[in-house]
Amino acid sequence: MLDAAASALRALPMREPVIVDLGTGTGALAARCVSVRSDAKLVAIDADAAILDMARQRFARDGVVASFLQSSFLDASLPPCHAIVASLALHHVRTPERKQQLYRDCRSVLARDGLLISAVCFVSVDSGLAELELRCLVPRRGIGDVVGVGRHEHPFRPQRQALFAQLARHRP
């Protein structure tokens, strides 16, 4: 899942793209992004100081240069960028209004040909299927490597689809 998300960055035509990672955590997605776009300038945002330190240590070990912002991505002033990435983070935004505001904030800082990439994994809401999916997938590849597992009906799904359609049509 993380490799697929990072691979999408190949579509960015510019040199030295600025990539903002929302909810960076330990930096797993950001590290993969830099492996795909070694020329990228990375901004890592996470509210948890201890976990952000883990990302700092990972980046230092791997020679990745990044700037760090300890803040909730909902409260942070996002910098102008070419891509915004997130892995297993955006689902924490609970209300449709706040999620729409986040997407408006993202759109306002993204370059014209910028990308918003959200890597998520949904396990089936059917308990029998969910158990089978997890039993089959986790031991082989780990849940983080699975793309498109199951379907999950989310109460905000119609609004989310409409908002993404609207964002796709937007051109400043």
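Because the structure is a prediction, the values reported are computed rather than measured.

Thoughts on the side chain of aspartate 21
Here aspartate 21 shows up in strand S1 (residues 18–22). Summary of buried charges: aspartate 21 has no salt-bridge partner, and the nearest side chain of opposite charge, arginine 58, is 8.3 Å away. Not counting residues within four places of it along the chain, the set of residues in contact with aspartate 21 comprises Leu29, Ala30, Val43, Ala44, Ile45, Val85 and Ala86.

What about the environment of valine 36?
Structurally, the position occupied by valine 36 is in helix H2 (residues 28–36). Between the C-alpha atom of valine 36 and that of alanine 8, which follows or precedes it by 28 residues, the distance is 9.0 Å. Residues in contact with valine 36, not counting those within four places in the same chain, are Ala6, Ser7, Leu9 and Arg10.

Brief notes about the state of the cysteines
Here the structure, examined in full by the defined rule, presents zero disulfides. Free of any disulfide, cysteine 81 has its nearest cysteine sulfur in cysteine 106, 7.6 Å distant. Relative accessible area serves as the criterion here: at 3%, cysteine 81 is assigned to the buried category.

Reading guide: rules and limits
- Residues numbered from 1 in each chain as written.
- Predicted model: local features only at pLDDT ≥ 70, side-chain atom pairs only at ≥ 80, totals over all residues.
- Heavy atoms only, no water.
- Helix = DSSP H or I, 4+ residues; strand = E, 2+ residues; numbered from the N terminus.
- Buried < 20%, exposed > 50% of the residue type's maximum accessible area, 1.4 Å probe, protein only.
- Lys, Arg positive; Asp, Glu negative; His and termini not counted.
- Salt bridge = Lys/Arg side-chain N within 4 Å of Asp/Glu carboxyl O.
- Contact = heavy atoms within 4.5 Å.
- Disulfide = S-S within 2.5 Å.

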